[in-house]
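# An overview of the molecular structure
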Amino acid sequence: MNAEFFDAIAQLEKEKGIPADYMLERVGQALITAYKRENDGMTDNVYVVPDRVKKEIRMFVRKTVVDDVYEPYEELSVEEAQEYKPGAVIGDIIDIDIPTKSFGRIAAQTAKQVIIQGIREAERGMVLSEFTSKEHEILTAIVSRSDPRTGAYILEMTSQGEKTEAVLAAGEQVRGETLREGQRVKVYVIEVRKGQRGAQVMISRTHPGLVKRLFELEVPEIHDGVVEVRSIAREAGNRTKLAVMSNDPNVDPIGACVGTRGARVGNVVDELGGEKIDIIKWSDDMAAFVSSALAPADVISATVQPDGKSCRVVVPDDQLSLAIGKEGQNARLAAKLTGCKIDIAPASQAQAAEEAVDEIAD
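Let me begin by describing the structure that accompanies this report. (Residues numbered from 1 in each chain as written. Predicted model: local features only at pLDDT ≥ 70, side-chain atom pairs only at ≥ 80, totals over all residues. Heavy atoms only, no water.)

## Overview of the overall build of the protein chain
When helices and strands are tallied, the protein chain shows twelve helices and 15 strands. The C-alpha atoms of the protein chain give a radius of gyration of 34 Å, which is well past the 21 Å a tight globule of 362 residues would have. Expressed along its principal axes, the backbone C-alpha trace of the protein chain runs to roughly 120 × 50 × 45 Å. Counting all 362 residues of the protein chain, 39% fall into the buried class. For the protein chain, the exposed surface amounts to about 20800 Å²; the carbon and sulfur share of it is 47%. Side-chain charges in the protein chain split into 45 positive and 60 negative, and the spacing between the mean points of these groups amounts to 6 Å. (Helix = DSSP H or I, 4+ residues; strand = E, 2+ residues; numbered from the N terminus. Rg over C-alpha atoms; globule rule 2.2 N^0.38 Å. Buried < 20%, exposed > 50% of the residue type's maximum accessible area, 1.4 Å probe, protein only. Areas by Shrake-Rupley, 256 points an atom, 1.4 Å probe, with all protein chains shown as cover. Lys, Arg positive; Asp, Glu negative; His and termini not counted. Charge placed at Lys NZ, Arg CZ, Asp CG, Glu CD.)

## With respect to the nonpolar core
If you look at the biggest cluster of nonpolar residues, it comprises 27 residues, and the most contacted ones within it are Met 23, Val 46, Met 59 and Ile 94. Ranked by residue count, the leading element in this core is helix H2 (residues 20-38), at eight residues. (Core = buried A, V, L, I, M, F, W, Y, C linked by side-chain atoms within 4.5 Å.)

## Notes on the side chain of Glu 275
Mapped onto the elements, Glu 275 comes out in the loop between helix H8 (263-271) and strand S12 (276-281). A polar contact of 2.9 Å, which involves the side chain of Glu 275, links it to the side chain of Arg 234. There is a polar contact of 2.5 Å between the side chain of Glu 275 and the side chain of Thr 240. Beyond its immediate sequence surroundings of up to four residues, Glu 275 is in contact with Arg 234, Glu 235, Ala 236, Gly 237, Asn 238, Arg 239, Thr 240 and Val 269. (Polar contact = N/O pair within 3.5 Å; in protein donor to acceptor, adjacent residues only side chain to side chain. Contact = heavy atoms within 4.5 Å.)

## Here's the deal with the packing of aromatic side chains
The tally for this structure, following the rule as stated, stands at two aromatic pairs. Aromatic pair Trp 282 and Phe 289: ring centres 4.7 Å apart, planes at 55°, arrangement tilted. Directly above the aromatic system of Trp 282 lies the positively charged group of Arg 230, at a separation of 4.4 Å from the ring centroid. (Phe/Tyr/Trp six-rings, centres within 6.5 Å; stacked < 30°, edge-to-face > 60°. Lys NZ or Arg CZ within 6 Å of the ring centre and 35° of its normal.)

Below is the structure:
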């Protein structure tokens, strides 16, 4: 029976990856729980010794030899002790073998429940560990079902053989995007928490990190570190601005991201459901960086203000609406990308202001 038990634990380790030592520890706890259930008043002087080589489990209760027995679960008399250890004297510690076969049906059921619970906890722990290692990464998930009440989607996720479900909340979905049951979709793992029912994986389709990871998958130069993504500003479903730089003077960072005939950026756009992506060259010169960030609008001049946190930009009159963008989106994303407050003025207004200053000076 013991041999079969050890074989079953070895099979669990092989098939589910649950360490045998972990299961033996849980088995020991189960046996102790079962024994205490039938021996009310028993304290923590019961312990289990598994032997994987001999494939046997032995259980003992440890008692102290005393002159007068007051606690029968912890003490035994000299006469009783000598039955287990001839020559035993007061103060000796005696380990008494407990035959596990003597457990009753209820106790055995208790042991079984503890073992099953141990297996479940081990499996949840493995899932938690696996998905925690995927934080801030992209995983491909399968849409399992939707929740009409909340608008959320339930996705099934798999990583290295471990499976779990994750909720794509309405707030983490791209506006206007509809997912179908059975559809494979890439999601960004924001965080993994330990929940009451195991791993709670927080995922998103709107996080800027999704765009960055998608480019890493499509652009080998980014994956290898030759091209670096320095900043991202995103309004999911509409537009993303990506600032990149090259660590190799012979590599064009924008060209690497766009790819031949726009193939690389096109694959990312397709994954994001047609979201527009502006790829901009990073610059330490804030004025130049702001000018590039306002693309596709042309910039006549950009002047960083004395506070170093704002920039005044002059654009052609016919480019003003393009620089600002629909509902201010282009200017808003440019400001977020650069971390700089941007004040945009048309050339005619800027010229009038300069003429006014000149008149005052005269």
